[in-house]
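Listed below, chain by chain, are the residues.
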Amino acid sequence: MDDLPPLELAFPGPERDRGVAAVLNGEKTAFTGLLELHEKAGEPVPGPGDRFAVLDSDGRPAAAIELTEVRVVPIKEIDDAYARAEGRGYAGAAEWRADHERFFRSDGVAAFLGRTPEITDETLVVAQRFRRLDP
């Protein structure tokens, strides 16, 4: 895993720890990012076949994953099945969206972007499905 690019789910702490645990136990097979975050970081949108080391809250590789599907879509297009694949116990897309809007408007994201983003139905997100690779 040491030669794979790092992937950080959320910010270090309980939220990341829950996400990493869900990857490890197979409940999490998708994650979503705000397209604007990729653009601000100067990172290209990844594609199917790209592999990453998922980092824990201490910055250590915890799992290796391979992307199987990547879509840039308006946030309104996230459906219930995708929301459940995020492995956070979402009942459906409405709950998923409310939680992601909170995160996308968080102080950490605002500090990185230099402003708090406005989230509308047309806000573009990077919806990524993956499979965990065997250690």
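Thresholds applied
- Residues numbered from 1 in each chain as written.
- Predicted model: local features only at pLDDT ≥ 70, side-chain atom pairs only at ≥ 80, totals over all residues.
- Heavy atoms only, no water.
- Phe/Tyr/Trp six-rings, centres within 6.5 Å; stacked < 30°, edge-to-face > 60°.
- Helix = DSSP H or I, 4+ residues; strand = E, 2+ residues; numbered from the N terminus.
- Buried < 20%, exposed > 50% of the residue type's maximum accessible area, 1.4 Å probe, protein only.
- Salt bridge = Lys/Arg side-chain N within 4 Å of Asp/Glu carboxyl O.
- Pairing = 2+ DSSP bridges.
- Contact = heavy atoms within 4.5 Å.
- Axes fitted to C-alpha atoms, helices over the stretch in contact; angles between N-to-C directions.

Trainee: Tell me about the packing of aromatic side chains, and name the residues and values.
Mentor: All told, the structure shown has four aromatic pairs when counted by the stated rule. Aromatic pair Phe31 and Phe130: ring centres 5.8 Å apart, planes at 50°, arrangement tilted. Separated by 99 residues along the polypeptide, Phe31 in strand β2 (residues 30-34) and Phe130 in strand β5 (residues 124-132) bring together distant segments of the chain. Since its relative accessible area comes to 9%, Phe31 is described here as buried.

Trainee: Requested: an account of the pattern of salt bridges, with residues and values cited.
Mentor: For the coordinates displayed, the defined rule picks out 13 salt bridges. Between Lys76 and Glu122 there is a salt bridge, with the nearest N and O atoms lying 2.6 Å from each other. Here Lys76, found in the loop between β4 (61-74) and α3 (80-85), pairs with Glu122, found in the loop between α5 (107-113) and β5; they are 46 residues apart in sequence, far enough to count as distant. Taking the shortest distance from any N to any O, the salt bridge between Arg97 and Asp121 comes out at 2.7 Å. Of the two residues, Arg97 sits in helix α4 (residues 93-104) while Asp121 sits in the loop between α5 and β5, which places them 24 residues apart along the sequence. According to the relative accessible area criterion, Arg97 is buried, its value standing at 19%. Residue classification places Asp121 among the partly exposed residues on the basis of a relative accessible area of 39%. Three or more residues joined by partner-sharing salt bridges are found here, namely Arg97, Glu101, Arg105 and Asp121.

Trainee: Please set out the sheet that holds β4 residue by residue, giving values where relevant.
Mentor: One open sheet accounts for five strands, arranged β1-β3-β4-β5-β2; its pairing is mixed. The strands lining the two open edges of the sheet, one partner per strand, are β1 (6-7) and β2. Here β2 pairs with β5 via five bridges, running antiparallel. If you follow Ala30 over to β5, its bridge partner there is Arg129. Relative to β4, helix α1 (residues 14-24) is tilted by about 100°, and along the sheet it contacts β3 (51-55), β4 and β5. On top of the sheet, α4 reaches β2 and β5; it is set at about 45° to β2, its chief contact.

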